[in-house]
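# Residue-level structural notes
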Amino acid sequence: LGEYELSEEEWTLVKPLRDVLKDTTLYFSRATPNLAMVIPAMDHIDAMFTSGLIQKNLLKPAIQSVIQFAKRTLNRYYSRTDKS
(Lines give C-alpha, C1' and ligand atoms only; values in the text may rest on other atoms or scores of the structure.)
Protein backbone atom coordinates (compact mmCIF):
# COMPACT_ATOMS: atom_id res chain seq x y z
CA LEU A 1 0.00 0.00 0.00
CA GLY A 2 2.98 2.29 0.42
CA GLU A 3 3.03 3.02 -3.29
CA TYR A 4 -0.36 4.74 -2.92
CA GLU A 5 0.75 6.95 -0.02
CA LEU A 6 0.52 10.67 -0.71
CA SER A 7 3.66 12.78 -0.67
CA GLU A 8 3.91 15.92 1.45
CA GLU A 9 3.24 18.04 -1.64
CA GLU A 10 0.16 15.98 -2.55
CA TRP A 11 -1.18 16.32 1.01
CA THR A 12 -0.72 20.08 0.74
CA LEU A 13 -2.71 20.08 -2.50
CA VAL A 14 -5.66 18.11 -1.11
CA LYS A 15 -5.75 19.47 2.45
CA PRO A 16 -8.63 21.91 1.74
CA LEU A 17 -10.73 18.98 0.50
CA ARG A 18 -10.07 16.87 3.56
CA ASP A 19 -12.43 18.67 5.92
CA VAL A 20 -15.39 18.62 3.56
CA LEU A 21 -14.94 14.98 2.67
CA LYS A 22 -14.19 13.96 6.25
CA ASP A 23 -17.40 15.61 7.51
CA THR A 24 -19.42 13.83 4.84
CA THR A 25 -17.81 10.48 5.56
CA LEU A 26 -18.44 10.80 9.29
CA TYR A 27 -22.03 11.88 8.66
CA PHE A 28 -22.81 8.78 6.60
CA SER A 29 -20.90 6.40 8.83
CA ARG A 30 -23.29 7.12 11.71
CA ALA A 31 -26.41 5.80 10.00
CA THR A 32 -27.68 4.03 6.93
CA PRO A 33 -28.09 6.75 4.31
CA ASN A 34 -31.40 7.23 2.55
CA LEU A 35 -32.48 9.71 -0.08
CA ALA A 36 -33.62 12.22 2.53
CA MET A 37 -30.07 12.22 3.95
CA VAL A 38 -28.18 12.07 0.68
CA ILE A 39 -29.69 15.11 -1.06
CA PRO A 40 -28.75 17.61 1.71
CA ALA A 41 -25.27 16.08 1.87
CA MET A 42 -24.89 16.50 -1.89
CA ASP A 43 -26.02 20.12 -1.52
CA HIS A 44 -23.43 20.71 1.19
CA ILE A 45 -20.61 19.21 -0.87
CA ASP A 46 -21.66 21.23 -3.91
CA ALA A 47 -21.80 24.46 -1.91
CA MET A 48 -18.43 23.88 -0.27
CA PHE A 49 -16.71 23.02 -3.52
CA THR A 50 -18.24 25.57 -5.85
CA SER A 51 -19.04 28.65 -3.83
CA GLY A 52 -16.48 27.97 -1.14
CA LEU A 53 -13.17 26.49 -2.13
CA ILE A 54 -13.15 27.17 -5.87
CA GLN A 55 -14.45 30.75 -5.84
CA LYS A 56 -12.05 31.70 -3.07
CA ASN A 57 -9.16 30.21 -5.09
CA LEU A 58 -8.06 28.10 -2.14
CA LEU A 59 -7.14 25.20 -4.39
CA LYS A 60 -4.47 24.65 -6.99
CA PRO A 61 -5.69 24.63 -10.63
CA ALA A 62 -5.26 20.84 -10.95
CA ILE A 63 -7.50 20.23 -7.93
CA GLN A 64 -10.04 22.77 -9.22
CA SER A 65 -10.23 20.78 -12.47
CA VAL A 66 -10.89 17.56 -10.59
CA ILE A 67 -13.63 19.25 -8.56
CA GLN A 68 -15.26 20.56 -11.72
CA PHE A 69 -15.32 16.99 -13.03
CA ALA A 70 -16.80 15.80 -9.71
CA LYS A 71 -19.41 18.56 -9.92
CA ARG A 72 -20.50 17.33 -13.35
CA THR A 73 -20.85 13.83 -11.90
CA LEU A 74 -22.83 15.19 -8.96
CA ASN A 75 -25.13 17.03 -11.36
CA ARG A 76 -25.82 13.76 -13.17
CA TYR A 77 -26.94 12.24 -9.86
CA TYR A 78 -29.14 15.28 -9.24
CA SER A 79 -30.80 14.88 -12.60
CA ARG A 80 -31.50 11.22 -11.86
CA THR A 81 -33.12 12.07 -8.53
CA ASP A 82 -35.32 14.61 -10.32
CA LYS A 83 -36.62 11.86 -12.61
CA SER A 84 -37.41 9.43 -9.79
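Rules behind the numbers
- Residues numbered from 1 in each chain as written.
- Predicted model: local features only at pLDDT ≥ 70, side-chain atom pairs only at ≥ 80, totals over all residues.
- Heavy atoms only, no water.
- Helix = DSSP H or I, 4+ residues; strand = E, 2+ residues; numbered from the N terminus.
- Expected span 1.5 Å × (residues − 1).
- Bend = angle between axes of the 7 residues up to and from the residue.
- Buried < 20%, exposed > 50% of the residue type's maximum accessible area, 1.4 Å probe, protein only.
- 1 Å grid on protein atoms, 1.4 Å probe; cavity = no way out; pocket = protein on both sides within 12 Å on 5 of 7 lines; lining within 4 Å.
- Points joined across faces, edges and corners; volume = space filled by probe spheres on them.
- Nonpolar A, V, L, I, M, F, W, Y, C, P; charged D, E, K, R; others polar.

This paragraph deals with helix α1 (residues 8-29). For α1, which comprises 22 residues, the first-to-last C-alpha distance of 28 Å sits more than 12% below the rise-based estimate of 32 Å (1.5 Å per residue). The sharpest bend along α1 comes to roughly 55 degrees, located at Val14, with the proline Pro16 sitting one to four residues further on. Taken together, the buried positions of α1 are Leu17, Val20 and Thr24.

Turning next to the layout of surface pockets. Reported here for the largest pocket is a volume of approximately 200 Å³. Residue lining of the largest pocket: 13 residues in total, with Leu21, Ile45, Phe49, Ala70 and Lys71 positioned closest to the centre. Among the elements of the structure, α1, α2 (35-54) and α3 (61-83) are those that each provide at least two residues to the lining of the largest pocket. With seven residues, α3 is the single largest residue contributor to the lining of the largest pocket. Within the lining of the largest pocket, the residues separate by chemical class into nine nonpolar, two polar and two charged.

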